[in-house]
Amino acid sequence: MRRGERFQACLIRAAFFFLIPGLIPAAGAADYVGSNVCRTCHSDIYSTFYRNPHFKSVASGKEKPENTGCEGCHGPGSEHVAAGGGRDTIPMAFSAAPPGKILDTCLRCHAQTISRANIRRSVHTGNDVVCTNCHSVHHSQTPKFLLQKKQVDLCYTCHATVRAQFSMPFKHRVNEGFMQCTDCHNPHGTYPPTWRTADRPRMVDQAQANEEPCLKCHIDKRGPFVFEHPAVRFEGCETCHNPHGSVNARLLKRPVVFTMCLECHSGLGTFGPLGGIPRTDTLHNLADPRYQNCTTCHVRIHGSNSNIYFFR
Amino acid sequence: MHLRPSTAGACLLIACIAYAQPPVAPANESTEPNRGDNTAGYNILQSFELGYRWDTVGGDDGMYRSTVNYTNGVRLLSGSLAVQSRDGHGHWFDQILLNTQGLGNDPYQSANLRVEKNRLYRYDLLWRSDEYYNPGLTISYGEHFMDTARHLQDHDLTLFPQSNLRFFLGYSRDSQSGPALSTVQLFDGSGDEFPVFANIRRQQNEYRLGAEVNFFGIRLNVLHGWEDFKEDTVNFLNSAEPGNNPNDLTTLTSLRRNEPYHGTSPYWRAALFREGQKYWAMNGRFTYVAGQRGFVQDENSFGTDRIGASTLRQVVTYGNADRPAVTGNLTFSIFPASNVTFTNTTSYYNIRMVGDSFYEQFTNGSPITPIYSFNFFGIQTIANVSDVQVRFKPWFSVHGGYNYADRRIGANESAKTGAPPFAPGRIEQTNRLNAGAAGFRLKPANPLTISVDAQIGRASRPIYPVADKDYQVLSGRIEYRRGPFRLTGLARSDYNTNSNSLTTYAAHSRQYAVDGSWTPKDWFSIDAGWGKIHLNTLGGIAYFIAPSQSVLGTESYYVSNIHSGTLAARFTIARRADISLGYSHIQDLGDGRATALAGPPGVTSPLTPPGFVAAQTFPLRFLSPQGRVSIRIAQRVRWNAGYQYYGYREDFSILQNYRAHTGYSSLSWSF
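Regarding the overall build of chain A
Then, number 1: Along the backbone of chain A there are 15 helices and four strands.
Then, number 2: Whereas a compact globule of 312 residues would reach a radius of gyration of roughly 20 Å, chain A reaches 28 Å, over 25% beyond that.
Then, number 3: Its C-alpha atoms give chain A principal-axis dimensions of about 95 × 40 × 30 Å.
Then, number 4: Going through the 312 residues of chain A one by one, you find that 46% of them count as buried.

Some thoughts on the overall build of chain B
Then, number 1: When its secondary structure is counted, chain B shows three helices and 30 strands.
Then, number 2: Across chain B, the fraction of contacts at a sequence separation of at least 24, relative to all contacts at a separation of at least 6, is 61%.

What about the interface of chain A and chain B?
Then, number 1: The interface of chain A with chain B comprises 101 residues on the first partner and 146 residues on the second.
Then, number 2: Elements that contribute at least two residues to the side of chain A that touches chain B include exactly helix 4 (55-60), helix 7 (99-110), helix 10 (151-158), helix 11 (160-166), strand 2 (227-228), helix 13 (230-234), helix 14 (257-262) and helix 15 (294-297) of chain A.
Then, number 3: Top element by residues in the side of chain A that touches chain B is helix 4 of chain A. It accounts for five residues.
Then, number 4: Split by residue class, the side of chain A that touches chain B holds 48 nonpolar, 31 polar and 22 charged.

Notes on the domain arrangement of chain A
Residues and elements named next belong to chain A.
Then, number 1: Splitting chain A by domain gives domain 1 (3-89), domain 2 (99-183) and domain 3 (217-304).
Then, number 2: The interface of domain 1 with domain 2 comprises six residues on the first partner and five residues on the second.
Then, number 3: A breakdown of the residues in the side of domain 1 that touches domain 2 according to their chemical character gives three nonpolar, two polar and one charged.

Some remarks on the confidence of the model for chain B
Residues and elements named next belong to chain B.
Then, number 1: Per-residue confidence for chain B gives a mean pLDDT of 88, with 93% of residues at or over 70.
Then, number 2: Across chain B, the secondary-structure element scoring lowest on mean pLDDT is helix 1 (residues 5-16), at 40, and the one scoring highest is strand 5 (residues 108-117), at 96.
Then, number 3: Interface confidence in the predicted complex, given as ipTM, is 0.90; pTM for the same model is 0.90.

Digging into helix 10 of chain A
Residues and elements named next belong to chain A.
Then, number 1: Listed in full, the buried residues belonging to helix 10 are Val152, Cys155 and Tyr156. Looking straight down helix 10, one finds its buried side chains confined to an arc of 100 degrees; they lie on one side.
Then, number 2: Against helix 11 lie the buried residues of helix 10.

Considerations on the environment of leucine 107 of chain A
Then, number 1: For leucine 107 of chain A, the position within the fold is in helix 7.
Then, number 2: Along the chain, leucine 107 of chain A and tyrosine 32 of chain A lie 75 residues apart, while their C-alpha atoms are 20 Å from each other.

A short note on the pairing of strand 22 (residues 470-482) of chain B
Residue and element names in this part refer to chain B.
Then, number 1: Here strand 21 (residues 448-460) runs beside strand 22; their pairing, made up of eleven bridges, is antiparallel. Paired with glutamine 455 across the two strands is valine 473, which belongs to strand 22.
Then, number 2: In this antiparallel pair of consecutive strands, strand 22 and strand 23 (residues 485-499), the connection spans two residues, and glycine 483 shows a positive phi of 55 degrees.

What to know about the environment of leucine 120 of chain B
Residues and elements named next belong to chain B.
Then, number 1: Tracing the sequence through the fold places leucine 120 in the loop between strand 5 and strand 6 (121-134).
Then, number 2: A tally of 15 C-beta atoms within 10 Å means that leucine 120 is categorised as partly exposed.
Then, number 3: For leucine 120 and proline 161, which are 41 residues apart along the polypeptide, the C-alpha to C-alpha distance reads 6.6 Å.

A word on unusual backbone geometry
Then, number 1: In the segment running from glycine 223 of chain A into proline 224 of chain A, the intervening peptide bond is cis, with an omega of 10 degrees.
Then, number 2: With respect to the helices, strands and loops of the structure, proline 224 of chain A is situated in the loop between helix 12 (214-217) and strand 2.
Then, number 3: Along the chain, leucine 186 of chain B connects to phenylalanine 187 of chain B via a cis peptide bond; the corresponding omega equals -15 degrees.
Then, number 4: Positive phi, normally seen in glycine, also occurs at aspartate 128 of chain A, with a value near 60 degrees.
Then, number 5: Within the element layout of this structure, aspartate 128 of chain A appears in the loop between helix 8 (123-126) and helix 9 (131-134).
Then, number 6: In the Ramachandran plot, asparagine 364 of chain B falls in the positive-phi region, its phi being about 50 degrees despite a non-glycine side chain.
Then, number 7: Structurally, the position occupied by asparagine 364 of chain B is in the loop between strand 16 (340-363) and strand 17 (366-367).
Then, number 8: Exposure remark for asparagine 364 of chain B: the 11 C-beta atoms within 10 Å place this residue in the exposed category.

What to know about the pairing of strand 26 (residues 549-573) of chain B
All names here are of chain B.
Then, number 1: When strand 25 (residues 524-545) meets strand 26, the two strands line up antiparallel, connected through 21 bridges. Within the sheet, the bridge partner assigned to glycine 539 lies in strand 26 and is serine 556.
Then, number 2: The pairing of strand 26 with strand 27 (residues 577-588) spans twelve bridges and is antiparallel. Note that in strand 27 the partner of isoleucine 573 across the bridge is alanine 577.
Then, number 3: Connecting strand 26 to the next strand, strand 27, in antiparallel fashion are three residues, including alanine 574 with a positive phi near 55 degrees.

Some words on the confidence of the model for chain A
Then, number 1: Considering every residue of chain A, the mean pLDDT works out to 85; 91% of them sit at 70 or more.
Then, number 2: Counting contacts from residues 15-28 of chain A, a segment whose pLDDT is below 50, to residues more than four positions away or on other chains yields 16 contacts.

Thresholds, definitions, all that
- Residues numbered from 1 in each chain as written.
- Chains lettered and ligands numbered in written order.
- Predicted model: local features only at pLDDT ≥ 70, side-chain atom pairs only at ≥ 80, totals over all residues.
- Helix = DSSP H or I, 4+ residues; strand = E, 2+ residues; numbered from the N terminus.
- Rg over C-alpha atoms; globule rule 2.2 N^0.38 Å.
- Buried ≥ 20, exposed ≤ 12 C-beta atoms within 10 Å, placed from the backbone.
- Contact = placed C-beta atoms within 7 Å.
- Nonpolar A, V, L, I, M, F, W, Y, C, P; charged D, E, K, R; others polar.
- Domains from an automatic or database assignment.
- pLDDT = per-residue confidence, 0-100.
- Arc of directions from axis to C-beta.
- Pairing = 2+ DSSP bridges.

And the structure:
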């Protein structure tokens, strides 16, 4: 701040200190003073506050004082004004508030969206990662969701191994800005993923009916098909793919397909018309490289309408 | 060990020539803070970055396009527009926000628009376009290839967004089109494989209509949607092909396959939630989807069969597939004290896949007996998850949970010559999971946070060897955050053992990461991270080798040992020039063997075919240094230039290696 600006700020504060207290209720139970009073000192914030989505409450003119402007979030400001400022006199100073209180304060208004229905039981909340860990109301870099940083940078702050996965040669284009983490995940918590057995993965958002989010974009894999590859439905796409990134082509878990197929297709288990997961038949001479390229013949490996062996 | 000053200096230098986030463009640096122009009650802020991007690639261009894909040309690298009402009472709108990226033929383009009028409406648009180039690589003899464009758009309109009664309208479209190469296997099970071309055309349209009402503090959200999918990809081959197997007489002279596939999935979703109560909260979500598809496949192929006889074959297949799915989730949260949270979620999932198809084949004009197929496949899961969290002190909390899931799976596969009905042949299996979780969170000092989580699960009769059976997960995380300095370390071990009648499958993955950032001054920041992702799996496999010799009891042992490092530094010089330097390095060390066929050190592989041995590891290296400079040449104008190198190298093969130099130069302007 330049010297002139600093002098102006001192003048304003001095005027505020001596004049405003006479206009507001006496100290005791804190009372609401209105955003215009806050503006006197916090002009740097208020001058651009009309760009903030929270300005709606001020523009409305119909909201109750406890839901309007600065005091809608920070609480009644009379004591703060009477004290001439100071963080300790702000009823709700987010920088000093415990995580639970921050969550309660924000959810007073922001609980209304179904995407936040599970926020109280989310893994983030359980680890004290609450609203202000990701969002910044006054110093946001993204005007739409008021994020502290670009979304991917924000998530990488904690999820370092995920950053490594998205740096691999084969990856979904998150670093490139084509996708966002929230295309597949809901950071506010989700319902259990019953496409598996509800324990893992967590924080993964669902497509239409508890389907994996992969199917939001990979529309040709959704089906229904007459002949489904059951692994897709039992265990999900991650049975064969690493969704974030992989050192293997097509985000596969193995560099070569046939070893991955054989880990299941070795006649194992008891389920299925043949009493287990079908084993390759005697024609498949695995010493011959042509039989080591399973998907050359089993082209429709995600599901087929016309062939039970996914040939076409 | 003491680092010599020169070594320490080199380390610092390496750290400083680093930047973690590829790609290098668009620039992250913004122009000077801009207050915009005020007109007609609105404030208008605009900025854009226009530049030229270039690349030179040596080595496998297909692999470069698959993993990076930036090409030459003029681009609107980024753009933004913000029009905001200064009093919140605009005539038609109060806010317009528009952000774009990569317009003008970048492979990853997007536009994000929001138009909003307080209390009346909110409209969101997300448009994305992706050039999806997928070369054959190591899959399917390199004969599966795609060069498609995918366009996605999502429109969402909310009416009365701040009222107790809200309405939602939405439309989404996802289309994919472009040439592709695939394969077909002809003319019988012992025949040969041939490449075929395809012209991919897929499109999905989704329409949504919903409402949300708030009554007595309970919100009810209802959404009805219609998802429509159609695909009419044509596969063809117009010239003679000898096939992949040179010892086989099977040849293909021509092929044409039309396979229109069309269906609708109407769905309902109802959600009920209650929040803001002191002692309890609840929410529920219920969905029903009626997925239906109909298809016809008409294939004509001409060539010679495996004894060299001329063969003209026509295949006609048609049928339907249905997949109704019902799901329900109901969650209750109880807060008996301010420091105790108990949550219980019950989930129900029922999905049935029912399909029938009719297959008819004519070979040289002679029909074979038609085959009717019926396939049923159903999953019903009931799961209950309970979590409790107790915060004993502001600096110490513990949590625990229990998860029970009962999954019943049924299937009925029938194929017969002759008309239905099919013989009953339903098989069933039940798969149960019991899993417990516990953990604690400790904050012994203000800047330090430690959290530890553990989960252990036991599943009975999982269908797949690779599925979770006897598993345990242990993870820990420590974070130190003080002022401009942050250091995070995490470790996670995931162990799964899955025994079955034939053999044992075991997977063990370990992840370790250290990540830190330091911003001592507003003109200097540095980030660094290192991670290790180690996976080894051991799976029993069975297969045949010539002549029809069964091999049982052998094991497939796969090791992936990935190290990753990212470094980033940013400087601002004299408030005029920003310099960003970065480095990203990914390396899979594999299992440490020297050559592809040597086998891992100290292990005598029981796998006899060389292909098996070679497939057990795939060491490679992918690195990308980058640098960018951004110079303010006027108050609202910056000149940016950047360079990024990509190097991809596989240790046991050179066919897919490449190195690429990419760069750009641009002007950023805000007004």
